[in-house]
Amino acid sequence: AISDEIKPTSKEAVSVLQDMGIDVWMVTGDHITTASAIADQIGLCQSHVMAGVMPKHKADKVIELQNAGGIVAMVGDGINDSPALAQADVGIAIGAGTDVALECADVVLIKSDPFDVAKVIDLSAATLRRIKLK
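These notes cover the structure that comes with them. None of the values given here were measured: they were computed from a predicted structure.

Assigned secondary structure in the protein consists of six helices and five strands. Scanning the protein from its N terminus toward the C terminus, one meets helices and strands in the order α-β-α-β-α-β-α-β-α-β-α. Judged by the C-alpha coordinates and their principal axes, the protein covers about 50 × 30 × 30 Å. Taking as baseline every contact in the protein between residues at least 6 positions apart, the subset at least 24 positions apart corresponds to 34%. In the form shown here, the protein has an accessible surface area of approximately 8200 Å², with 56% of it arising from carbon and sulfur atoms.

Written out as structure tokens, the structure is:
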């Protein structure tokens, strides 16, 4: 199977996000076999893998998670992710992504490092704590 290379910090990022109490999901157009193999490599529960999702349906998956009571942050980099980035409560675009994805996102990560997602959430929480103190 051909797939994108997994970033070296992906497994650590998933672990840290889970330790923060965040429910991590993978929504991908990849075949279930590929998606499952990636999930295994990054420590993601198989029940949290949505594979074979057509680009036009990624936003629908975000809505499903929102309707289940979740606050959804979507991380994406391509034009296919743009509607889902716009639908999410927080859209996080990878800096190396397409212009459309960057325009739809609330946050743009300059580096393509998955661990930066955890850093952004931690920074946001620290900012909110500081605001509440004042």
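Don't stop here, the text continues.
Here the focus is the side chain of Asp116. Secondary-structure assignment places Asp116 in helix 6 (residues 115–133). What makes Asp116 buried here is its relative accessible area of 10%. Discounting chain neighbours no more than four positions away, the residues touching Asp116 are Leu109 and Lys111.

This part takes up the pairing of strand 4 (residues 90–94). Burial analysis of strand 4 places four of its five residues in the buried class, which makes it a mostly covered element. Inspection of the sheet shows strand 3 (residues 73–76) paired to strand 4 by four bridges, in the parallel sense. Bridging from a neighbouring strand, Met74 pairs with Gly91 of strand 4. The parallel pair strand 3 and strand 4, bridged by helix 4 (residues 82–87), forms a crossover whose chirality is right-handed. As paired strands, strand 4 and strand 5 (residues 107–109) are joined by three bridges and run parallel to one another. Bridging across to strand 5, Ile92 finds its partner in Val107.

Here three strands make up an open sheet; going across it, the order is 3-4-5 and the pairing parallel. Of all the strands in the sheet, the pair left with one neighbour each is strand 3 and strand 5. Each neighbouring strand pair of the sheet contributes to a mean axis angle of 20 degrees, computed without reference to strand direction. Of the strands in this sheet, strand 3, strand 4 and strand 5 touch helix 6, which is tilted by about 140 degrees from strand 5.

About the thresholds
Residues numbered from 1 in each chain as written. Predicted model: local features only at pLDDT ≥ 70, side-chain atom pairs only at ≥ 80, totals over all residues. Heavy atoms only, no water. Helix = DSSP H or I, 4+ residues; strand = E, 2+ residues; numbered from the N terminus. Contact = heavy atoms within 4.5 Å. Areas by Shrake-Rupley, 256 points an atom, 1.4 Å probe, with all protein chains shown as cover. Buried < 20%, exposed > 50% of the residue type's maximum accessible area, 1.4 Å probe, protein only. Pairing = 2+ DSSP bridges. Right-handed = clockwise from strand over helix to strand, strands pointing away. Axes fitted to C-alpha atoms, helices over the stretch in contact; angles between N-to-C directions.

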